[in-house]
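# Analysis of the macromolecular model
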Amino acid sequence: MSSLSNVGQVKAILARHNLQLLKGLGQNFLVNPSVCPRMAEACGAQACRGVIEIGPGIGVLTWELAQRAQKVVAIELDQRLFPVLEETLAGLDHVELVHGDVMKLNLRRLIRDRFGGGPVCVCANLPYYITTPVIMGLLEGDLPLTSITVMIQKETAQRLCAPPGVRACGAVSAGIHYRSQPKILFEVSRGSFLPPPKVDSAVIRFQIREEPAVQVKDEALLFRVVRGAFAQRRKTAVNSLCHALNLEKGRAEALMAGAGVRQGARAEELTLAQLAAVADGLYELETGE
Ligand code: SAM
C-alpha cells in the first residue's frame, strides 16, 4: 500500500471501483509518493493520543499516518470511497473510518469517545472549498489539539501565515496567530495531484499554543473586534470598527488611542496586543468593570 500514491496505482484503483472524482468535493488525490510520508512525519503523530484525518480519499495519507500513530480516525463525506478504503487499509485495525461531513460533526465528542479526550493532532489534504472554515472551526473550537498539519492552496497558506501588523494579515490570520504558531513546511506542485488543480499547494502546520498569544477579558469580544476592524479593509480600523460594532466614532477613537493605535491606522497595522487592548477597553465600556 505504501506505493499507492503513484499515478498508475491511483488510476488503477479508481478504474477497478468505477469511480469518477467529484470536483464539488475537492477531490484532487495525491499521486506524488514523496508527499504523504513527509506530511505524516511532520504532524507529530507519535507525540499525541492519535490523529484525525479529514478526507482520506483512497487512503494514501491515512496509510502513512497509521504507520506512526497509535490510532487514526479518518472522516470522509463520500460514501463511495468506503469500499476502496476497506481494501487499501485492510489489516490496519487502529484505523477507524467515520462517514460524515467534518463541518457538521461534533469533534469534541468524537475526541472524547474515540481518543479518551485527547490530545490529538489533525493531518489532512483538505478539500479546497472548505479550507478556511475547517481551519477556523478547529482553532476557535477550543479542542484538545496539539497541532493541525494541512495541505492547502499555496497563496492561502501564505496569507494565513501573515502575522498581525503585516499588510497581508486579515481577520482569519489574526485569529490564527492568537491560538497557534503557523509555519509553511514545504510546497507541493499542482502536478502532484490527480486531477491537477489550477494552483500549487503548500503544507502548513499550526502548532497550538498552550496559552493564547495575548490575554483578554472576553475572548468572544476579541474575535468580534478583530472581525470588525478588518471588515472593511479600505477604511481605517476606527471606521470599520464603528460600522461593524455600531459604535459611536468618538468612543472608538478613544479606544484605539487607549490601545496605542496611531490615528488613521488600517486594521493590518494593528498588533495582537493592540487588538486585545481595544477588546478589553470595549469590555470595560460595556460592563463597567
Ligand atoms: N487524502 C486524499 C489524498 O490526499 O489523496 C484525498 C484528499 S482530497 C483533496 C479531499 C477529500 O476530502 C476527498 O476524499 C473528499 O471526498 C473529502 N471531503 C470533501 N468534503 C468533505 C467534508 N465536508 N467532510 C469530510 N470529507 C470531505
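Residues numbered from 1 in each chain as written. Predicted model: local features only at pLDDT ≥ 70, side-chain atom pairs only at ≥ 80, totals over all residues. Heavy atoms only, no water.

## As for the overall build of the protein
Each helix and strand counted, the protein has 12 helices and nine strands in total. The C-alpha radius of gyration of the protein comes to 21 Å, within 12% of the 19 Å expected for a compact globule of 289 residues. Taken along the three principal axes of its C-alpha coordinates, the protein extends 65 × 40 × 25 Å. Counting over 289 residues, the protein shows a buried share of 51%. Counting contacts in the protein only where the partners sit at least 6 residues apart, residues at least 24 apart contribute 69% of the total. On the protein, roughly 13200 Å² of surface is accessible, and the fraction owed to carbon and sulfur atoms is 49%. Charged side chains in the protein number 32 positive and 28 negative. The centres of these two groups are separated by 6 Å. (Helix = DSSP H or I, 4+ residues; strand = E, 2+ residues; numbered from the N terminus. Rg over C-alpha atoms; globule rule 2.2 N^0.38 Å. Buried < 20%, exposed > 50% of the residue type's maximum accessible area, 1.4 Å probe, protein only. Contact = heavy atoms within 4.5 Å. Areas by Shrake-Rupley, 256 points an atom, 1.4 Å probe, with all protein chains shown as cover. Lys, Arg positive; Asp, Glu negative; His and termini not counted. Charge placed at Lys NZ, Arg CZ, Asp CG, Glu CD.)

## Regarding helix 2 (residues 35-42)
Looking at helix 2, one finds that the buried residues are V35, C36, M39 and A40. Here the buried residues of helix 2 occupy an arc of 125° about the axis, which is enough to place them on one side. Buried residues belonging to helix 2 abut strand 1 (29-30), helix 3 (60-68), strand 5 (120-125), strand 6 (145-153), strand 7 (180-188) and strand 9 (201-208). G44 occupies a position one or two residues after helix 2 and carries a positive phi of about 75°. (Arc of directions from axis to C-beta.)

## A short note on the sheet that holds strand 4 (residues 95-99)
If you walk across this open sheet you meet the seven strands as 4-3-2-5-6-9-7, and the pairing is mixed. Each edge of the sheet is formed by a strand with only one pairing partner; in this case those strands are strand 4 and strand 7. Adjacent strand axes in the sheet meet at a mean angle of 20° when their direction is disregarded. (Pairing = 2+ DSSP bridges. Axes fitted to C-alpha atoms, helices over the stretch in contact; angles between N-to-C directions.)

## Quick look at the site of the ligand
Of all residues adjacent to the ligand, which total 24 residues, the nearest are L30, G55, E76, N125 and Y129. Separating an oxygen atom of the ligand from a side-chain N or O atom of Q27 is a distance of 2.9 Å. Surface burial for the ligand is 99%, taken as the share of its 600 Å² of free accessible area covered by protein chains. Secondary-structure elements contributing two or more residues to the shell around the ligand are strand 1 and strand 3 (72-76). (Near = heavy atom within 4 Å. Polar contact = N/O pair within 3.5 Å; in protein donor to acceptor, adjacent residues only side chain to side chain.)

## Section: unusual backbone geometry
With omega at 5°, the peptide bond leading from G118 into P119 counts as cis. Look at N18: it is not a glycine, yet its phi comes out positive at around 55°. As for its placement among the helices and strands, N18 is situated in the loop between helix 1 (7-16) and strand 1. Its identity as a non-glycine residue notwithstanding, N246 has a phi of 55°, on the positive side. With respect to the helices and strands, the residue N246 is situated in the loop between helix 10 (237-245) and helix 11 (249-258).

## Here's the deal with the pairing of strand 2 (residues 51-54)
Judged by which residues are buried, strand 2 turns out to be covered on both faces: V51 and E53 on one side and I52 and I54 on the other are all buried. As defined by bridge partners, strand 2 adjoins strand 3 across four bridges and the pair is classed as parallel. Bridging across to strand 3, I52 finds its partner in V73. Remark: the strand 2/helix 3/strand 3 crossover connection has right-handed handedness. As judged from the two bridges shared by strand 2 and strand 5, these two strands associate in the parallel manner. Each residue of the ladder has a partner; that of I52, found in strand 5, is V122. (Right-handed = clockwise from strand over helix to strand, strands pointing away.)

## Describing the pattern of salt bridges
With the rule as written, the count across this model stands at 17 salt bridges. A salt bridge links R16 to E87; its shortest N-O distance comes to 2.3 Å. Of this pair, R16 sits in helix 1 while E87 sits in helix 4 (residues 82-88), and the two are 71 residues apart along the sequence. By sharing partners, the salt bridges in this structure join E41, E64 and R68 into a single network. (Salt bridge = Lys/Arg side-chain N within 4 Å of Asp/Glu carboxyl O.)

## Remarks on the nonpolar core
Residues M39, I58, L65 and M151 are the most contacted members of the largest nonpolar core, which totals 39 residues. Counting only elements with at least two residues in this core, the list comes to helix 1, strand 1, helix 2, helix 3, helix 4, strand 5, strand 7 and strand 8 (193-194). By residue number, the principal contributor to this core is helix 3, which donates five residues. In this structure, L65 is in contact with A40, C43, V51, E53, V72 and C123, ignoring residues within four places of it in sequence. (Core = buried A, V, L, I, M, F, W, Y, C linked by side-chain atoms within 4.5 Å.)

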